[in-house]
Number of protein chains: 2
Amino acid sequence: MNDNIKITYPSSEKVYMNGRIYPDLRVGMRRVSLTPTVTIENGEKKMTENAPVYVYDTSGPYSDPNIETDLKRGLPKLRKPWTDARKTGDTLMALAKRGIITQEMEYVAIRENMNCAELGIETHITPEFVRDEVAAGRAVIPANINHPEAEPMIIGTNFLVKINTNIGNSHQNSSIEEEVEKAVWSCKWGGDTLMDLSTGTNIHETREWILRNCPVPVGTVPMYQAFEKVNGKAENLTWEIFRDTLIEQCEQGVDYFTIHCGIRLKNVHLSQGRLTGMVSRGGSIISKWCMVHQEESFLYAHFDDICDICARYDVAISLGDGLRPGSTHDANDAAQFAELDTMGELVERAWAKNVQAFIEGPGHVPMHKIRENMDRQIEKCHGAPFYTLGPLVTDIAPGYDHITSAIGAAMIGWYGTAMLCYVTPKEHLALPDKDDVRTGVVTYKIAAHAADLAKQHPGATIRDNALSKARYDFRWKDQFNLALDPERALEYYKTSNKTEGEFCTMCGPNFCAARISHSLKDCDR
Amino acid sequence: MNDNIKITYPSSEKVYMNGRIYPDLRVGMRRVSLTPTVTIENGEKKMTENAPVYVYDTSGPYSDPNIETDLKRGLPKLRKPWTDARKTGDTLMALAKRGIITQEMEYVAIRENMNCAELGIETHITPEFVRDEVAAGRAVIPANINHPEAEPMIIGTNFLVKINTNIGNSHQNSSIEEEVEKAVWSCKWGGDTLMDLSTGTNIHETREWILRNCPVPVGTVPMYQAFEKVNGKAENLTWEIFRDTLIEQCEQGVDYFTIHCGIRLKNVHLSQGRLTGMVSRGGSIISKWCMVHQEESFLYAHFDDICDICARYDVAISLGDGLRPGSTHDANDAAQFAELDTMGELVERAWAKNVQAFIEGPGHVPMHKIRENMDRQIEKCHGAPFYTLGPLVTDIAPGYDHITSAIGAAMIGWYGTAMLCYVTPKEHLALPDKDDVRTGVVTYKIAAHAADLAKQHPGATIRDNALSKARYDFRWKDQFNLALDPERALEYYKTSNKTEGEFCTMCGPNFCAARISHSLKDCDR
């Protein structure tokens, strides 16, 4: 594992934009070059240039031909000079509350806007706006001071909708090398954050390799490692074991922790009347502990201590939804909403300690019950960002749950969810392989982007319009190059097209609507 | 092509329900048998039966082991005795308006409800309700008297959401045999209707093979064949050529025609300012004719004649949306809505002639503009069923357009669209092969079913709940057998699971949330 890994995209160039407040900032993005439109006017060929399209880029240094990467050495430590200059406890939220715009804040403002200014597109996303959103808890920049390799990104309703990729080995499957490969692979296709959910052996070592080589924030569920330490016996867990695990992972550089602090002893029984009980691993483990000891969860009892630890490293907390529904039948029930109420209480306690936090959401929800989830989360959790798993809108399609969940994800993203946790075709059936990760990430980029369009995010339509124009112009290569997955688009095209022409095999030359449509111009009298 | 084709589903049996008004009716459905739930109570193994699940079945005689099919002979002529007893011009709509409940009407009522009565689930779908919906034009039963092989099905907001599959060869691709195979394949996976969009040679012969062997209604775009007759020169089309084509296809047994009668000479120019002009083949052809001749379209001018022909055979009209947007940019624009207004006028003229009709819709629409499409269609088209192509909610994912469109399809289905035209992964790139048809149909079954759940259709949750219970019970085979695509679910499961156990490789034994969740019961004190 020491190859100089490269990520490439067709007709694309890695470009950087500089800061205004911090002129040394270099915010990477991808610029896709397009070919000219060719028209015939008065019998003469006319070429009209098409402006390049800027694309939000999660591939980090891997797509920069001038940077030599080395998995053994790890990525360049981009953020180290910034955090070195800060005092202990100076979390991004604390600084934002004091009115300070950090490098991370200007970085994400530039990253979200890309070339909107150049195109004359108005945007609400200024460094000042970013600061205010972070200060108010409405947005989160997950950025452990010990993960300086990660490029800053922001999670919040008023920003581009983000997606998370889950990877990780279990006792049954896969190697460290495969997981690191999947991590880089996820970044290639557009994953904004990455959760390492490993539960097998070598949890620590796997995570180390991932962290040192991951250009996006990394999240974990620390309970998984704590649970390994007690050999899978929930009742043997203690606060001390959990605390030590947290510190170990903070030291390594994990950017956000999913912790199921919302499970209360008094609420566990609410899951018992359900069709599918509890489907959260972390949630079921801590529930078991509560029931065996008949005691309030140590995650809830020690929540302030957890926040103190997180604040030292500027780690964000993702309040895990241990009581999320595992079927459309159990959606929006008393168990789920009782936990949401607790989360609303906890998020304010996190903010009081200057710890950034977001709230995890379902799961499985039929379409007519999705809106209630979003509205209730905003109300109960005071505008903290929502981070949902799908939701799946039906349970009858194992093997296609990237699709059942993308429907719900797009909708809840439109309604205000800030980050969508991807689901792969293997959900409920097996662990995803590399191709599943690609399909899952691209599917979720679709859901997130559809939500950005519906929310009318500044500049969101640029890529759609450029691709549609390329399609109508018969500029096939531009159409592929602007696609979320250029390789697959080209591969499918090639199954039945031998040449690039002014029609395709779907319709043949005479039946091409676009061709006939173009010819209508000549009929205009 | 004379094999005895069989369609099989795991642990499933073909069963029939009889009519009340017409006791001889035999309405086929699929009954999935489940294994018992095993629990340990007081140290003893306890088995609890799980009721079989009835599934709406589009596979016709192919899944009945007692019927020998033969492609050369065609399927049994189920509806022939019913239509033979009627008078010319006795369309289903005419009969419904006279208060008569036909065999088709009782058939679809039984088919929609399946075993709801047995389960004590209330349903609004009675034969009387079906009759009233058909009479009012709010629902359509496409059933050409010359396609007696098709099993009756109903398209309307107050019924299960249906899906249509497009197949058909072009000048560049595929054989008759392949198309017939795709037709049966589509019925296997759940396609409710089938459009033969062939534009190549052998249009008539391909259609004949499909019609005689298709257990679901078949639609066409007659303009494609008319256009072949004038060698692809739009300006050479005439009403007479089109009329003769209509009659030819009526005689063969086509159940519904997409005709782009909504294109008016005065509106064609509205498409010229668009990003992607016109993307409907039928629409662009007739627009070209209008522009060259500077004359009102003969489809519009002869609409009453078209209705008279359709009424003779009880063929339904699908008012094609020639001005549908070809990109999210062009959604909900003046061109699209001008055509919708014309359709609203035409649908009333069709009803006056007792011709059933529905309205085609887009296409490409970002999420926040979907609702307006549905509401406006209901208003302008007087409650006639809406039949949409997707819509795709973003344009940036060629290769994944079954997904971009399933998002829009699920939403518009929930809002009231009666039938969804499928989109395959090859959309915009190439013609679909068999595997694309399967993926497209299953993806659209997901969208349609998600809409049924959101609309709270009687009995819609039965299959979801049964599958979820099987999942939570670790009854893996039941989970697969209840899935929309049992074969794919099993195939994915096998990639990393060697045995059927009380956990899977995703979590391993200790990390299985469902297992821990079950064990919580023992902690209850």
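Each value, and the rule that gives it
- Residues numbered from 1 in each chain as written.
- Chains lettered and ligands numbered in written order.
- Predicted model: local features only at pLDDT ≥ 70, side-chain atom pairs only at ≥ 80, totals over all residues.
- Heavy atoms only, no water.
- Phe/Tyr/Trp six-rings, centres within 6.5 Å; stacked < 30°, edge-to-face > 60°.
- Helix = DSSP H or I, 4+ residues; strand = E, 2+ residues; numbered from the N terminus.
- UniProt positions renumbered as here; feature names shortened; annotations may be inferred.
- Buried < 20%, exposed > 50% of the residue type's maximum accessible area, 1.4 Å probe, protein only.
- Arc of directions from axis to C-beta.
- Contact = heavy atoms within 4.5 Å.
- Pairing = 2+ DSSP bridges.
- Axes fitted to C-alpha atoms, helices over the stretch in contact; angles between N-to-C directions.

1. What to know about the packing of aromatic side chains
All names here are of chain B. Under the defined criterion, the tally for this structure stands at 30 aromatic pairs over all chains. Centre to centre, the rings of Trp82 and Tyr107 are 6.4 Å apart; their planes meet at 55 degrees, and the pair counts as tilted. Remark: Tyr107 occurs in helix H3 (residues 103-113) and Trp82 occurs in helix H1 (residues 80-84); sequence separation between them is 25 residues. Pairing Phe129 with Phe159 gives two aromatic rings, centres 5.7 Å apart and planes at 50 degrees, and the pair type is tilted. Taken as a pair, Phe129 in helix H5 (residues 127-136) and Phe159 in the loop between strand E7 (155-156) and strand E8 (162-167) lie far apart in primary sequence, 30 residues in all.

2. Regarding the UniProt feature "domain: ThiC-associated" (unreviewed entry) in chain A
The feature "domain: ThiC-associated" (unreviewed entry), as annotated in UniProt, sits at residues 9-87 of chain A in this numbering. With 6% helix and 34% strand, residues 9-87 of chain A has end C-alpha atoms that lie 40 Å from one another.

3. Focus: helix H14 (residues 370-380) of chain B
All names here are of chain B. Those residues of H14 not exposed but buried are Ile370, Asn373, Met374 and Gln377. Within H14, the buried residues cover an arc of 90 degrees as seen down the axis, which keeps them to one side. Against the buried residues of H14 lie helix H13 (334-352), strand E13 (357-361), strand E14 (386-389) and helix H15 (401-415). Positive phi appears at His382, one or two residues downstream of H14, with a value of about 60 degrees.

4. Some points on the sheet that holds strand E9 (residues 193-196) of chain A
Residues and elements named next belong to chain A. If you trace the eight strands once around the closed barrel, you get E8-E9-E10-E11-E12-E13-E14-E15, paired in parallel fashion. Taking each pair of neighbouring strands and ignoring which way they run, the sheet shows an average axis angle of 25 degrees. Judged from the two bridges that link them, E9 and strand E10 (residues 218-220) form a sheet pairing that is parallel. Following the sheet pairing, Met195 is matched in E10 by Gly219. Lying over the sheet, helix H6 (residues 176-189) contacts strand E8 (162-167) and E9, oriented at roughly 165 degrees with respect to E8.

5. Overview of the UniProt feature "binding site: Zn(2+)" (unreviewed entry) in chain A
Taking the UniProt record as the reference, the feature "binding site: Zn(2+)" (unreviewed entry) is found at His364(A) and His428(A). Spanning 65 residues, the annotated positions come together in the fold, the maximum distance between their C-alpha atoms being 12.3 Å. Structurally, His364(A) can be placed in the loop between strand E13 (357-361) and helix H14 (370-380). We classify His364(A) as buried; its relative accessible area is 6%. Apart from residues lying up to four places away in sequence, His364(A) is in contact with Pro325(A), Gly326(A), Ser327(A), Thr328(A), Ala331(A), Pro391(A), Leu392(A), Asp395(A), His428(A) and Arg471(B).

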